[in-house]
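Listed below are the residues making up each chain.
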Amino acid sequence: MYIHNCLVKHKEFCILSFTVSLPSVKPTYFTTQPSPMSTNHFTNGDSDRLPLLSSQRSIVNSSSQVAIVGANVCPIESLDYEIFENEFFKQDWRSRGKVQIFQYILMKWLLCLIIGLIVSLIGFCNNLAVENLAGIKFVITSNMMLERRFILAFGVFFASNLGLTLFSSIITALIAPAATGSGIPEVKAYLNGVDAPGIFTFRTLLVKIIGSITAVSSSLHIGKAGPMVHTGACVASLLGQGGSKRYGLTWKWLCFFKNDRDRRDLITCGSAAGMAAAFRAPVGGVLFALEEMASWWRSALLWRAFFTAAIVAIMLRAMIDVCLSGKCGLFGKGGLIMFDAYSASISYHFEDVPAVFVLAIIGGILGSLYNFLLNKVLRIYNFVYEKGTIYKIVLACLISVFTSILLFGLPWLISCRPCPPDATEPCPSIGRSGNYKKFQCPPDHYNDLASLIFNTNDDAIRNLLSKNTDDEFEYRSMLMFFITCFFLSILSYGVVAPAGLFVPVIVTGASYGRFVGMLVGRGSNLNHGLFAVLGAASFLGGSMRTTVSLCVIILELTNNLLLLPLIMMVLLVSKTVADAFNANIYDLIMKAKGFPYLETHAEPYMRQLTVGEVVTGPLRIFHGIEKVRDIVFVLKTTGHNGFPVIDEPPLSEAPVLFGIILRDHLLTLLKKKAFLHTPMEISNDAFNKFSAEDFGKNGSSKGERIEDIQFTEEEMDMFIDLHPFTNASPYTVVETMSLGKALTLFREVGLRHLLVIPKISGRAPVVGILTRHDFMPDHILGLHPRLVKSKWKRLRFRLPSF
């Protein structure tokens, strides 16, 4: 036995992957007797099994065993979305009356209400803080520019950006590395059944909020929409588990949902609320959660998500009305205010379609190129981050310095333009926002590039999308702004700070669309602002690859339903074109982080394999009545989460699969010392020793460990009857079922374990256990290298997956 890989660079975990060389064994199953060759692979116990079929190799599944949160390597766990129907669970539900059922339903709706209120308040405060922090910075710098004190103005701009970035990167790197990035890939993986530690803690929530405010205010080309989705999910998770025990912020009346399934529903509502708060787009937020985030959906969840988003929209409207009266400082014309770019008189004709079609095709190509370059840059950053925390902070500061120099220096390359005589607002603009920035220009002139660069992203979008401004920008300025946004957003996203992609992609796409509109000129009935909207849609479709939710979000942002046909066409075309090159950006990030995400489809090569050809071992089983010593030994020597329970004579005529029991439930039985002196079945009175809360899951807390429970020698020789606490109706498949079919069942039901039983009677009652790691391409292609060629052939010709 030898170690072939050690992933370190984490202050708490060192994950060891072992390769074990074992002699060939007959197709049988392992009992709970101690074995000197027991494996010690602790990254994820679900996949720690040896192959049991004679046609398989002795190999341990070590694929996709880690998730990189920020730059840290950390162990991951799957989530138990399946209802664990043992006798204790059935008796508990049978004992519930109408009052308890009503309380259960009421608590779900009440938590959705609280999630909506809290997320809307956080979203409002985020925008309030960003608008005022960035506003003060731009006002001071602009005043110095008016006084012709250019060097001092640059010093203030440079120092404020560097200070804000440094603060955001320090608190993120030292306090909550899981808050790095947008958080959407982590939330999406969680809703698929993957749990990485620390992504929903109270500490992560605080750093996400504060870090996002300071990072966005520092002029880094990042957005706050992604962090708001993660923030909403954090709020929902904390409320679902009753608060944070670590910081003493718990409320007993909230400690109602003790299972992953209910918390999954709340986190889905939280992610919808976060997107609704980021763009003040409640319907778009719900559709985004449905289309992009959630892996399981049902009508009841749709109603609750819609209710949560509606609460967000109502609360934001009320708070924005207060700010419009001038009581919120510089806030009021940015952030959560709709762009409202067009009036109802907008018109377009069939001859405008070809130009829009070409715009969509190029937007899809640019979106896929954007994803490719961002994926490469993130991998390069990860190599830097592996060197230590100081490197993360230094890299963030270097990006801030480069950004400040670029943003302040580029407008000097553009000549000033005279103010238009029919300007609808003061020219030049004095202060933070406006379409006509004076910058270094003489009186009655403005710098069109500074109007875009020397602003927040929200104001830049408003300037790009504004109507009746076809003559406001020149070609060179728009092209420079597009190139700057394209590359700065790629460089800025990977810094150790909360950073979103939505707003940078919208800004980049809008500048691209406006540039196309300027090239088309009078050859189209569409004005340049409308081309900017369509360019943003094409870039979003090429990068994010969602259609329905993006279409609704854009419509809610622009407040004009007449754009619907064009936006639909642009999103469909750009997504189709981009899909020919690579996956959407969030899927690429999830793959880079190592999340074992289950796709909606099965790869074609999975149809060529049976589940018996990929299941690995060693398989650890328990008998229906098991000795405490054997249970303790297995729990200490393996990291398995689920164990088959077998009944043998005299409890049954022949060895038969009774069901499956979870590690957490075994730990509860051991902690409660529910032991028997003789190997006999317990009576129903044993249920009185336990409550439903004893078997509840504590959310993001670490829970019990077998090492924390002490036993005497007498207790080690006692017995436990596992029958009442075993799920006697687990999902099973025969070993001859195709792997693709098993994947569909596994994902659609939301399983963590799928038992494999033999095709021929007379053999061992269970062959093995399938977990999500057994469906990962790395594991499958590692077992069957001959399939690699067929896989790459499919990727080369981009054949559709079935």
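Predicted, not measured: the structure shown is a model, and the values here were computed from it.

Here we take up the sheet that holds strand E14 (residues 656–662). Pairing is mixed across the open sheet formed by 3 strands, whose spatial order is E11-E13-E14. Bordering the open sheet on either side are strand E11 (622–623) and E14, each of which pairs with just one other strand. With 2 bridges joining them, E11 and strand E13 (residues 642–647) adopt parallel strand pairing. Looking across to E13, one finds that His-623 is bridged to Ile-646. In this fold helix H21 (residues 663–672) packs onto E11, E13 and E14, with an angle of close to 80 degrees to the strand it touches most, E14.

By size, the foremost hydrophobic cluster in this structure holds 155 residues, and its most contacted members are Phe-279, Phe-481, Phe-502, Leu-534, Met-544 and Ile-567. In terms of residues, this core owes the most to one element, helix H2 (residues 98–146), which gives 14 residues. With residues near it in sequence (within four places) discarded, Phe-279 still touches Ala-225, Phe-502, Val-503, Ile-506, Ile-553 and Leu-557.

We now examine the packing of helix H20 (residues 628–637) against H21. Two numbers describe how H20 lies on H21: the axes approach to 11 Å, and their chain directions differ by 135 degrees. Classified by the interaxial angle, the pair formed by H20 and H21 is oblique. Here H20 and H21 pass one another in a crossing that is left-handed. On H21, the residues touching Val-628, Ile-631, Val-632 and Leu-635 of H20 are Arg-663, Leu-666, Leu-667 and Leu-670. For the contact of H20 with H21, the per-class residue count stands at 7 nonpolar, no polar and 1 charged.

Quick look at the sheet that holds strand E18 (residues 768–770) now. With respect to topology, 3 strands assemble into an open sheet ordered E16-E17-E18, the strand pairing being mixed. Edge positions in the sheet fall to strand E16 (732–734) and E18, since each has one partner strand and no second. Between one strand and the next, the sheet's axes are offset by a mean angle of 35 degrees, whatever the strand orientation. Summarising the sheet, E16 and strand E17 (residues 754–757) pair through 3 bridges and their orientation is parallel. Its bridge partner lying in E17, Thr-732 is registered against Leu-755. Across the sheet, helix H23 (residues 739–749) is in contact with E16, E17 and E18; its angle to E17 comes to roughly 145 degrees.

Note on placement: Asn-447 falls in the loop between strand E10 (445–446) and helix H12 (448–453). Engagement of the side chain of Asn-447 in a polar contact is seen with the backbone nitrogen of Ala-450, the distance being 3.0 Å. In this view, Asn-447 contacts Pro-411, Ile-414, Lys-437, Lys-438, Phe-439, Gln-440 and Cys-441; residues no more than four positions away in its chain are not counted.

The final tally for this structure, using the stated rule, is 19 salt bridges. Asp-459 serves as the salt-bridge partner of Arg-462, at 3.4 Å between the closest nitrogen and oxygen. Linking Arg-462 with Asp-459, this pair stays in helix H13 (residues 457–465), spanning 3 residues, or about one helical turn. Accessibility classification places Arg-462 together with Asp-459 in one group, the buried group.

A word on the packing of helix H10 (residues 353–385) against helix H19 (residues 585–593). Two numbers describe how H10 lies on H19: the axes approach to 10 Å, and their chain directions differ by 25 degrees. Here H19 runs roughly parallel to H10, going by the angle between their axes. Once H10 is placed against H19, the crossing between them reads as right-handed. On the side of H10, the interface is formed by Asn-371, Leu-374, Asn-375, Leu-378 and Arg-379, while H19 contributes Ile-585, Leu-588, Ile-589 and Ala-592.

One pass over the structure, following the stated rule, counts 1 disulfide. Cys-416 shares a disulfide with Cys-441; S-S distance 2.0 Å. Disulfide Cys-416-Cys-441: the torsion about the S-S bond is -95 degrees, which places it as left-handed. Remark: Cys-441 occurs in the loop between strand E9 (417–418) and E10 and Cys-416 occurs in the loop between helix H11 (389–409) and E9; sequence separation between them is 25 residues. Judged by its relative accessible area of 26%, Cys-416 is partly exposed. Given the relative accessible area of 0%, Cys-441 is considered buried.

A few words on a nonpolar patch on the surface. A surface patch of nonpolar side chains, amounting to about 420 Å² of accessible area, comprises Ile-101, Ile-105, Trp-109 and Trp-303. Here Ile-105 lies in helix H2. We classify Ile-105 as partly exposed; its relative accessible area is 43%.

Its identity is not glycine, yet Arg-148 carries a phi of approximately 65 degrees, on the positive side. With respect to the element layout, Arg-148 can be found in the loop between H2 and helix H3 (150–174). In the Ramachandran plot, Arg-545 falls in the positive-phi region, its phi being about 70 degrees despite a non-glycine side chain. One can find Arg-545 in the loop between helix H16 (528–543) and helix H17 (548–558). Arg-545 sits in the buried class, given a relative accessible area of 5%.

This paragraph deals with the packing of aromatic side chains. As enumerated under the stated definition, the model contains 28 aromatic pairs in all. Aromatic pair Phe-486 and Phe-487: ring centres 5.1 Å apart, planes at 75 degrees, arrangement edge-to-face. On the accessibility criterion, Phe-487 (43% relative accessible area) is partly exposed. Among the aromatic residues, those joined into a ring-pair cluster are Phe-138, Phe-150, Phe-154, Phe-157, Phe-158, Phe-408, Trp-412, Phe-439 and Phe-454.

One rule of thumb: low pLDDT means the predicted coordinates there are not for detailed reading. Of the residues in the protein chain, 81% reach a pLDDT of 70 or more, and the chain-wide mean stands at 80. Across residues 795–802, confidence stays below pLDDT 50; counting only partners more than four residues off in sequence or on other chains, it has 11 contacts.

Here the focus is the pairing of E13. In terms of burial, E13 is a largely internal element, 6 of the 6 residues being buried. Burial along E13 is two-sided: the residues Gly-642, Pro-644 and Ile-646 and Phe-643, Val-645 and Asp-647 are all buried. When E13 meets E14, the two strands line up antiparallel, connected through 6 bridges. Looking across to E14, one finds that Ile-646 is bridged to Leu-657.

Counting through the fold element by element, Ile-393 comes out in helix H11. Among the residues examined, Ile-393 registers a relative accessible area of 10% and is labelled buried. Not counting residues up to four positions away in its chain, the partners in contact with Ile-393 are Leu-166, Ser-169, Ile-170, Ala-173 and Val-496.

What counts and how
- Residues numbered from 1 in each chain as written.
- Predicted model: local features only at pLDDT ≥ 70, side-chain atom pairs only at ≥ 80, totals over all residues.
- Heavy atoms only, no water.
- Pairing = 2+ DSSP bridges.
- Helix = DSSP H or I, 4+ residues; strand = E, 2+ residues; numbered from the N terminus.
- Contact = heavy atoms within 4.5 Å.
- Axes fitted to C-alpha atoms, helices over the stretch in contact; angles between N-to-C directions.
- Core = buried A, V, L, I, M, F, W, Y, C linked by side-chain atoms within 4.5 Å.
- Buried < 20%, exposed > 50% of the residue type's maximum accessible area, 1.4 Å probe, protein only.
- Parallel < 35°, antiparallel > 145°, perpendicular 65-115°, else oblique.
- Left-handed = near helix turned anticlockwise from the far one by under 90°.
- Nonpolar A, V, L, I, M, F, W, Y, C, P; charged D, E, K, R; others polar.
- Polar contact = N/O pair within 3.5 Å; in protein donor to acceptor, adjacent residues only side chain to side chain.
- Salt bridge = Lys/Arg side-chain N within 4 Å of Asp/Glu carboxyl O.
- Disulfide = S-S within 2.5 Å.
- Patch = residues over 30% accessible without salt bridge, like charges linked within 9 Å, V, L, I, M, F, W, Y side chains within 5 Å.
- Areas by Shrake-Rupley, 256 points an atom, 1.4 Å probe, with all protein chains shown as cover.
- Phe/Tyr/Trp six-rings, centres within 6.5 Å; stacked < 30°, edge-to-face > 60°.
- pLDDT = per-residue confidence, 0-100.

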